[in-house]
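Listed here are the chains, written in short residue letters.
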Amino acid sequence: MTAWMTGFAQKAGKAACAVILLILLLAGCGKQFDVGSSERDKAEDEDLIVVGVSQIGSESVWRTANTASIQNVFTRENGYLLIFDNARQKQENQIKAIRNFISQQADYIVFSPIEEDGWDDVLYEAKEAGIPVILMDRMVQTEDESLFTAWIGSDFFQEGVNAGNWLAGYLEEQKRAEEEINIVVLQGTDGGTSTIGRTNGFNDVAARHDNWKILEQTGGDFTTAKAREEMKRLLDTYGDIDVVVSQNDDMTFGVLEELENAGISTGTDGDVIVISFDAVRSALEKVQAGLINVDIECNPEQGPYIEQVIRKLEDGEQAEKYSYVPEQIFTRDNVTQELIDNRSY
Ligand code: AHR
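Residues numbered from 1 in each chain as written. Predicted model: local features only at pLDDT ≥ 70, side-chain atom pairs only at ≥ 80, totals over all residues. Heavy atoms only, no water.

### What about the environment of Ala 206?
Reasoning step 1: Mapped onto the elements, Ala 206 comes out in helix 7 (residues 193–206).
Reasoning step 2: Classification of Ala 206 as buried rests on a relative accessible area of 10%.
Reasoning step 3: Taking the C-alpha atoms as reference points, Ala 206 and Glu 39, 167 residues apart in sequence, are found 53 Å from one another.
Reasoning step 4: What Ala 206 contacts, discounting residues up to four positions off in sequence, is Trp 212 and Ile 214. (Helix = DSSP H or I, 4+ residues; strand = E, 2+ residues; numbered from the N terminus. Buried < 20%, exposed > 50% of the residue type's maximum accessible area, 1.4 Å probe, protein only. Contact = heavy atoms within 4.5 Å.)

So this is what it looks like as structure tokens:
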């Protein structure tokens, strides 16, 4: 062999190795939510309905309950193969997961969009592939409503209004309706439907009360750690806070800790009025103990409602485009021990 031919053979060998490496790497990347072709084949043999679910993450007790609700419904015994992916708070991971569900030819795609913007392209790809998309919990912002088949979730705007109306009634009861009321708001994830709805709903009511002063609305990411940090800063910044509106229970736990550390009492007999959202068991215990004044429920048990939509579509029927899950308002007056004991989350 000439030197030229030996050089050529070496280069070709290296290029082939690089291609093989790339293929192996790509295969590895897909692994986290790949059900594997034999699983997919089995699903077909067993006549299972393949459902790809992209969850936002596990930032809160609520989110864990929401995931459990999905996993309890989409089981093999119920006739499903569930491909579940946790996006760990990243929109790009959700988009990747949805593309993977498309390439695995899922029968349905279910996902909870971390924020409202930026979904059109991937939803269009799902539509092209003929896969119905069901949104759960949060919404997408789109000009083309045909990009999703149904949405199941909470009326977040109404939740915000409920919080505002409760506050108005409580201040009236306390004969403080004319007093100047200083309010701080801890918001959830930026651009997410729950943050937007709760903020707008509460602000709507606040706008009708000239004596309510919203000192600051700040992001707490729906997590205890971030809320702790923000509450500490708010206490250092503002001398007098009458009301804390915390847009989920996990943040409220951080708020309560910080207020307690600062020697400030909360709740029905305390100095600061605390309004929370979600109504998970450990928060309801704090409502019962009088530390949280009111908890506006956000119902995470959406799995059965999503299944109803899929059953309808399987039967060739049209599903409701928007379905709201039932929710309540909890104060010390209606939180019973029985309710707490029976709460599954
Ligand atoms: O979108 C629903 C919200 O997201 C819940 O209130 C919160 O706890 C969760 O993380």
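### Remarks on the pairing of strand 6 (residues 181–187)
Reasoning step 1: Most of strand 6 is tucked away, with seven of its seven residues classed as buried.
Reasoning step 2: Alternating positions in strand 6 separate into two faces, Ile 181, Ile 183, Val 185 and Gln 187 on one and Asn 182, Val 184 and Leu 186 on the other, with burial throughout.
Reasoning step 3: At this point the chain moves from strand 6, through helix 7, to the parallel strand 7 (residues 212–219), and the crossover so formed is right-handed.
Reasoning step 4: One ladder, built from four bridges, connects strand 6 with strand 8 (residues 243–246); its direction is parallel. The partner of Ile 183 across the bridge, within strand 8, is Val 243. (Right-handed = clockwise from strand over helix to strand, strands pointing away. Pairing = 2+ DSSP bridges.)

### A look at the site of the ligand
Reasoning step 1: As a matter of local geometry, the ligand sits amid Glu 59, Ser 60, Trp 62, Arg 63, Asp 137, Arg 138, Phe 156, Ser 194, Arg 198, Phe 222, Asn 248 and Asp 278.
Reasoning step 2: Between Arg 63 and the ligand, the recorded distance is 3.0 Å, taken from a side-chain N or O atom to an oxygen atom.
Reasoning step 3: Here Asp 278 contributes a side-chain N or O atom positioned 2.6 Å from an oxygen atom of the ligand.
Reasoning step 4: For the shell around the ligand, the elements supplying multiple residues, two or more each, are helix 3 (61–73) and helix 7.
Reasoning step 5: Looking at the shell around the ligand residue by residue, the class counts come to three nonpolar, three polar and six charged. (Near = heavy atom within 4 Å. Polar contact = N/O pair within 3.5 Å; in protein donor to acceptor, adjacent residues only side chain to side chain. Nonpolar A, V, L, I, M, F, W, Y, C, P; charged D, E, K, R; others polar.)

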